[in-house]
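Residue strings, one per chain:
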Amino acid sequence: ISVRTYSIYSYYDISVRVDELTIIDILTRRSYSQRREIAFEYEKRSKKDMITALKGALSGSLEAVILGLMKSTAQYDASEIKGSIKGLGTDEETLIEMVCSRSAEELVEIKRVYKEMFKKELEKDVAGDTSGDFRSLLLALAKRDEPSNIVDYEKIDQDARALYEAGVKRKGTDVATWITIMSERSVPHLQKVFDRYKSYSPYDMQESIRKEVKGDLEKSFLTLVECFENKQQYFANRLSEAMKGKSAKEKVVTRIVVSRCEVDLMKIRTEFKKLNQKSLYQTILLHSMVKHYYSY
């Protein structure tokens, strides 16, 4: 159920074939572990690798979705990070989403899998492709090892005041203090800090970020705060933005749907409907029909 709606993109393509619909129907209805079992049985019976066969049979957005589903969540995330820093230039938008929206626990697993897949340390690759405060923030987030839900009530007021004094209260921004607090505290703790922050600053944390920093650093801090406050709402917003206008940003939609399909996609769908007064299914269906219309 979780990713089946995305197959609508391919359904309205005139080149769609019965075998593609069968692939969609089978693989989007199974969990990752079930898909791996199917791949194992496929290889036993056909003496061929199923991933290779899928690559040969599919193309475009459908290929990206199906091949993504054949990876574990951590493998998919690691591949997306690698893709964002591979070759000339950096896909900062993807890199920010992948690092800033993942929990400490998810990042620990992503780092392990990244090293397994690419024989390199994720932190070293990120460091080599970024710079300045943006790099410092990403590395601080990537180095988190211990997932925590601890709320240090004695530090709530101290952290809120420190965030205010490091930004809005002074001329210039003490970015290092912001990085330390946002990368070293638990999510429940930071939620209380941001609430207390309002008693010091005339702006909430998101407004303060927009006033104090710009560019990739601004986007990174905003992503962090949005995810600390309501991660599923953040993804719902990303999906909404990606499907505004005549042409959807299919890579963004694919990345979110595939990477969250076995994590929290049901909750994202709920937030999406609250935000747009229509379901994610209906929105994807509408955009697939628009795409089909404008292809002629």
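Residues numbered from 1 in each chain as written. Predicted model: local features only at pLDDT ≥ 70, side-chain atom pairs only at ≥ 80, totals over all residues. Heavy atoms only, no water.

Trainee: Describe in detail the environment of His287, supporting the description with residues and values.
Mentor: Structurally, the position occupied by His287 is in helix H18 (residues 280-294). Separated by 69 residues in the primary sequence, His287 and Glu218 have C-alpha atoms spaced 30 Å apart. (Helix = DSSP H or I, 4+ residues; strand = E, 2+ residues; numbered from the N terminus.)

Trainee: So, the side chain of Arg255: which residues are in play, and what are the values?
Mentor: Turning to its location among the elements, Arg255 is positioned in helix H16 (residues 250-260). Each residue touching Arg255, except ones within four places of it in the same chain, is listed here: Tyr76, Glu80, Thr94, Glu97, Met98 and Arg238. (Contact = heavy atoms within 4.5 Å.)

Trainee: Outline the pattern of salt bridges, listing residues and values.
Mentor: Two side chains of opposite charge can pair, provided their charged atoms sit close to one another. Under the counting rule described, the total for this entry stands at 22 salt bridges. Note that Lys231 and Glu106 form a salt bridge whose closest N and O atoms lie 3.8 Å from each other. Of the two residues, Lys231 is situated in helix H15 (residues 215-242) and Glu106 in helix H8 (residues 104-118); the sequence distance between them amounts to 125 residues. The residues Lys231 and Glu106 share a single accessibility class, namely buried. (Salt bridge = Lys/Arg side-chain N within 4 Å of Asp/Glu carboxyl O. Buried < 20%, exposed > 50% of the residue type's maximum accessible area, 1.4 Å probe, protein only.)

Trainee: Go over the packing of aromatic side chains with me, naming the residues and quoting the values.
Mentor: Here the distance between the centres and the angle between the planes together describe a pair of aromatic rings. Scanning the model with the defined rule gives 5 aromatic pairs in all. Consider the rings of Trp178 and Phe221, whose centres lie 5.5 Å apart with planes at 85 degrees: the pair is edge-to-face. Of this pair, Trp178 sits in helix H12 (residues 175-184) while Phe221 sits in helix H15, placing them 43 residues apart in sequence. Looking at Trp178, the relative accessible area reads 0%, which means it is buried. Relative accessible area serves as the criterion here: at 0%, Phe221 is assigned to the buried category. Seen from the ring of Phe118, Lys82 lies directly overhead, with NZ or CZ sitting 5.5 Å from the centre. Looking at Lys211, its charged tip hangs above the ring of Tyr203, at a distance of 4.5 Å from the centre. (Phe/Tyr/Trp six-rings, centres within 6.5 Å; stacked < 30°, edge-to-face > 60°. Lys NZ or Arg CZ within 6 Å of the ring centre and 35° of its normal.)

Trainee: Can you lay out the packing of H8 against helix H9 (residues 122-129) for me, pointing to particular residues and giving the numbers?
Mentor: Closest axis-to-axis distance for the H8/H9 pair is 9 Å, and the angle between their directions is 90 degrees. It follows that H8 is roughly perpendicular to H9 by the angle criterion. Facing H8, whose interface residues are Ile110, Lys111 and Tyr114, H9 presents Leu122, Glu123 and Asp125. Each residue belonging to the contact of H8 with H9 can be placed in one class, and the counts come to 3 nonpolar, no polar and 3 charged. (Axes fitted to C-alpha atoms, helices over the stretch in contact; angles between N-to-C directions. Parallel < 35°, antiparallel > 145°, perpendicular 65-115°, else oblique. Nonpolar A, V, L, I, M, F, W, Y, C, P; charged D, E, K, R; others polar.)

Trainee: Help me get a handle on the nonpolar core, residues and values and all.
Mentor: With 45 residues, the main nonpolar core has Leu163, Met205 and Phe221 as its most contacted residues. In contact with Leu163, other than residues within four places in its own chain, are Trp178, Ile181, Met182, Val193, Phe194, Tyr197 and Met205. If you look at the next biggest cluster of nonpolar residues, it comprises 32 residues, including Met70, Tyr234, Met243 and Val258. (Core = buried A, V, L, I, M, F, W, Y, C linked by side-chain atoms within 4.5 Å.)

Trainee: Before we move on, could you go through helix H3 (residues 32-46) and cite the residues and values that matter?
Mentor: Here H3 contains 15 residues, and its C-alpha end-to-end distance of 21 Å stays within 8% of the 21 Å for a straight helix at 1.5 Å per residue. Residue Lys47 follows H3 closely and has a positive phi angle near 65 degrees. (Expected span 1.5 Å × (residues − 1).)

Trainee: Tell me what's going on with unusual backbone geometry, and back it up with residues and numbers.
Mentor: With the exception of glycine, most residues fall at negative phi, and the peptide bonds are largely trans. Of note, the phi angle at Lys47 is positive, near 65 degrees, even though the residue is not glycine. The topology assignment puts Lys47 in the loop between H3 and helix H4 (50-57). Backbone geometry places Gln277, a non-glycine residue, at a positive phi of 60 degrees. Tracing the backbone shows Gln277 in the loop between helix H17 (265-276) and H18.

Trainee: Would you mind going over the environment of Leu67 in detail, with residue names and values included?
Mentor: Within the element layout of this structure, Leu67 appears in helix H5 (residues 60-69). Since its relative accessible area comes to 15%, Leu67 is described here as buried. Separated by 116 residues in the primary sequence, Leu67 and Ser183 have C-alpha atoms spaced 32 Å apart. Contacts of Leu67, omitting those with residues within four sequence positions, involve Ile51, Leu54 and Lys55.

Trainee: I'd love a proper account of helix H7 (residues 92-100), names of residues and values included.
Mentor: Where burial is concerned, most of H7 is hidden: 7 out of the 9 residues are buried. Buried residues along H7 sit in contact with helix H6 (73-85), H8, H9, helix H10 (132-142), H15 and H16.

Trainee: Give me the lowdown on the packing of H6 against H7, citing residues and values where you can.
Mentor: Where H6 contacts H7, the axes come no closer than 8 Å and their chain directions differ by 145 degrees. Like other packed secondary-structure pairs, H6 and H7 cross with a definite hand, here left-handed. In this structure, H6 uses Asp77, Glu80, Ile81, Ser84 and Ile85 to contact H7, whose residues at the interface are Thr94, Leu95, Met98 and Val99. Residues belonging to the contact of H6 with H7 are distributed by class as follows: 5 nonpolar, 2 polar and 2 charged. (Left-handed = near helix turned anticlockwise from the far one by under 90°.)

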